[in-house]
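Residues per chain, in single letters:
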Amino acid sequence: QVQVVESGGGLVQPGGSLRLSCTASGSGFVIVAMGWYRQAPGKQRDRVASITETGTTMYADSVKGRCTISRDNAKNTVYLQMNSLKPDDTAVYYCNTDLRDGGNVIRRYWGQGTQVTVSS
């Protein structure tokens, strides 16, 4: 059974920083890609950043230059370093991971979400 668990959210002042972490646990899989989405109240869930197994990264325009995604393959963990945070960054941040099983089937798993609030 696969579990995806996020941590690191919280309340931060505008201009501050946060580092989100997400770990996938279980067995019998290979991580293909990991990423972060966010959903603000009343809005759709949007992709923030992602990173592939080869290290290729992608960022939404709204966070380019302010966020950095990285991964530790040995720990099955992805990180999202967020700097110069703005009130518009307030949302629930969800981690997802695409896993390939022994049958070469790729499935996407989601975490439960972690709240990020940017406010003075």
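This write-up is about the structure you can find in this document. (Residues numbered from 1 in each chain as written. Predicted model: local features only at pLDDT ≥ 70, side-chain atom pairs only at ≥ 80, totals over all residues. Heavy atoms only, no water.)

### Let's talk about the overall build of the protein
Move 1: Each helix and strand counted, the protein has zero helices and 11 strands in total.
Move 2: Written out in order from the N terminus, the α and β elements of the protein read β-β-β-β-β-β-β-β-β-β-β.
Move 3: Here the C-alpha radius of gyration of the protein, 14 Å, is about what a compact globule of 120 residues would show, namely 14 Å.
Move 4: In terms of overall dimensions, the protein has C-alpha extents of about 50 × 25 × 25 Å along its principal axes. (Helix = DSSP H or I, 4+ residues; strand = E, 2+ residues; numbered from the N terminus. Rg over C-alpha atoms; globule rule 2.2 N^0.38 Å.)

### What to know about the pairing of strand β5 (residues 46-52)
Move 1: Pairing of strand β4 (residues 29-39) with β5, which is carried by six bridges, proceeds in the antiparallel orientation. The residue bridging Arg 38 from the neighbouring strand is Asp 46, located in β5.
Move 2: Linking β4 back to β5 in an antiparallel pair, the connection comprises six residues, with Gly 42 at a positive phi of about 75°.
Move 3: Relative to strand β6 (residues 57-59), β5 runs antiparallel, the two sharing three bridges. Note that in β6 the partner of Ile 51 across the bridge is Thr 57. (Pairing = 2+ DSSP bridges.)

### Regarding the state of the cysteines
Disulfides are covalent bonds that connect the sulfur atoms of two cysteines.
Move 1: Taken as a whole and assessed by the stated rule, the structure comprises one disulfide.
Move 2: A disulfide-free cysteine, Cys 67 has its sulfur positioned 14 Å from the sulfur of Cys 95, the nearest such atom. (Disulfide = S-S within 2.5 Å.)

### What about the layout of surface pockets?
Over the atoms, a rolled probe matching the size of one water molecule traces out where space is still vacant.
Move 1: Roughly 190 Å³ of volume is contained in the largest pocket.
Move 2: For the lining of the largest pocket, the element with the highest residue contribution is β5, accounting for three residues.
Move 3: Looking at the lining of the largest pocket residue by residue, the class counts come to five nonpolar, three polar and five charged. (1 Å grid on protein atoms, 1.4 Å probe; cavity = no way out; pocket = protein on both sides within 12 Å on 5 of 7 lines; lining within 4 Å. Points joined across faces, edges and corners; volume = space filled by probe spheres on them. Nonpolar A, V, L, I, M, F, W, Y, C, P; charged D, E, K, R; others polar.)

### Notes on the environment of Val 63
Move 1: When you line up the elements, Val 63 lands in the loop between β6 and β7 (67-72).
Move 2: Spatially, the C-alpha atoms of Val 63 and Val 32 are 23 Å apart, while their sequence positions differ by 31 residues.
Move 3: Residues in contact with Val 63, not counting those within four places in the same chain, are Arg 38 and Val 48. (Contact = heavy atoms within 4.5 Å.)

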